[in-house]
Amino acid sequence: MSPTRTSDVLVVGGGIIGLVTAWRAAQRGLSTTVVDPEPGGGAAQVAAGMLAAVTELHHGEQTLLGLNLASAERYPAFAAELTEATGHDLGYRRCGTLAVALDADDRAHLRELHALHQRSGLDSEWLTGRECRRLEPMLAPGVRGGLRVDGDHQIDPRRLAAALVTACERAGVAFRREWAERLTLDGDRATGVVTRAGNALGAGQTVLAAGSLSGRLAGVPTEVLPPVRPVKGQVLRLTMPQRYGPFLSRTVRAVVRGSHVYLVPRENGELVIGATSEELGFDTTVTAGGVYELLRDAHELVPGLTELPLTETQAGLRPGSPDNAPLLGPTGLDGLLLATGHHRNGVLLTPVTGDALAHALTTGELPDVARPFTPRRFGAAALQEQPA
Ligand code: GLY
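Predicted model, so just to flag it, every value in this text is computed and none were measured.

1. Description of the nonpolar core
Point 1. Ranked by internal contacts, the top residues of the largest apolar core, which has 50 residues, are I16, W23, F78, L82, L160, L164 and V207.
Point 2. Contributions of two or more residues to this core are made by β1 (5-12), α1 (16-27), α2 (62-86), α5 (157-170), β18 (336-340) and α7 (350-363).
Point 3. Examining the composition of this core, we find that 8 residues originate from one element, α1, more than from any other.
Point 4. Sequence-distant contacts of W23, defined by excluding residues within four places in its chain, comprise F78, E81, L82, A85, L164, A167, C168 and A171.

2. Looking at the packing of α2 against α5
Point 1. At a minimum axis distance of 9 Å, the contact between α2 and α5 shows a crossing angle of 60°. Accordingly, the angle class assigned to the pair α2 and α5 is oblique. Crossing angle aside, the handedness with which α2 passes α5 is left-handed. Mapping the contact onto sequence places Y75, F78, L82, A85 and T86 in α2 and L160, A163, L164, T166, A167 and R170 in α5.
Point 2. Tallied by class, the residues present in the contact of α2 with α5 amount to 8 nonpolar, 2 polar and 1 charged.

3. Overview of the side chain of T331
Point 1. Examined against the element boundaries, T331 turns out to sit in the loop between β17 (327-330) and β18.
Point 2. The buried category is assigned to T331, whose relative accessible area is 4%.
Point 3. Of the polar contacts made by the side chain of T331, one reaches the backbone nitrogen of L333; its length is 3.1 Å.
Point 4. With sequence-adjacent residues up to four places away left out, T331 is seen in contact with V224, L336, L337, L338, P375 and R376.

The rules we used
- Residues numbered from 1 in each chain as written.
- Predicted model: local features only at pLDDT ≥ 70, side-chain atom pairs only at ≥ 80, totals over all residues.
- Heavy atoms only, no water.
- Core = buried A, V, L, I, M, F, W, Y, C linked by side-chain atoms within 4.5 Å.
- Buried < 20%, exposed > 50% of the residue type's maximum accessible area, 1.4 Å probe, protein only.
- Helix = DSSP H or I, 4+ residues; strand = E, 2+ residues; numbered from the N terminus.
- Contact = heavy atoms within 4.5 Å.
- Axes fitted to C-alpha atoms, helices over the stretch in contact; angles between N-to-C directions.
- Parallel < 35°, antiparallel > 145°, perpendicular 65-115°, else oblique.
- Left-handed = near helix turned anticlockwise from the far one by under 90°.
- Nonpolar A, V, L, I, M, F, W, Y, C, P; charged D, E, K, R; others polar.
- Polar contact = N/O pair within 3.5 Å; in protein donor to acceptor, adjacent residues only side chain to side chain.

As structure tokens, then:
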């Protein structure tokens, strides 16, 4: 059955990626609907919001680096436009990041990262332990060195999500607050979805932007089903004292015994500590072990944080992909596009994803910057590697 067409574009998933896609599509004159039981929810409610193109660079991810940098470059104008459109403060802070090392192994790891930055033409500066502590006096005396990266900033993802909902509403995007259950097809063309409540939502183009759930929409032919999987991240929120100057003035991060830990201080006094990385399927349980490990590692970096009130513990699901990079744009099925698989970089990649999807929805093509991230790069072999 093909539902009657109700809009030009139907976006399945109202997290930040779905919302930015809908906002940009509506700005281009396309009538747009978002289907999601809780728009503005999802991983953005948990994420710390680091815009860490440089400090989260990994070997073998040079192509992704290009997209990350392109999005980081768009952030100031994107944040200004979104604030202007909605009146929302996004908690966007151009505060920079300090990546530090606690022992010889961490130091060697960080030296490697610095060399990779230099080979990639990225700005980062090596500091001694004493120089790190001069920048951030709450750091442990044992810090052995660090990398100062003044270009890696932060935004508050909860505020970003709320602002995008408002921006969509103001741009005329329609919201259907229900679960999309099944993709509908007319021959070899996607025509929309049927919801769990049995409502048919028809559209000229359907964008699957449901984060870690993107591989679960029924009716999507196997050859175009996105190979995304949930990667659990547990995150803590503490409250910093505001009386004696900043507790931390920039994001501080480290790799402690092989695990990434980061501390993101917000202007409103919130200190976000993250994150575990666990492959456990669709499990969002906060565990004693996860909380213990985060606090243990964060305490090694900043011993004074044990005095702070612990206000929230949460777990969210990153949409992991086989190469840690997103899947953007048209699929092999006419009328079906993807905006998913952003893994560790969803908040950072929000501006460039919105632009790339709007371009694809209006021209049928990805812009050059997003072309390497076509879903078509995954063949049948990659799909077979995914867990059932
Ligand atoms: N980008 C931070 C994280 O995924 O934990």
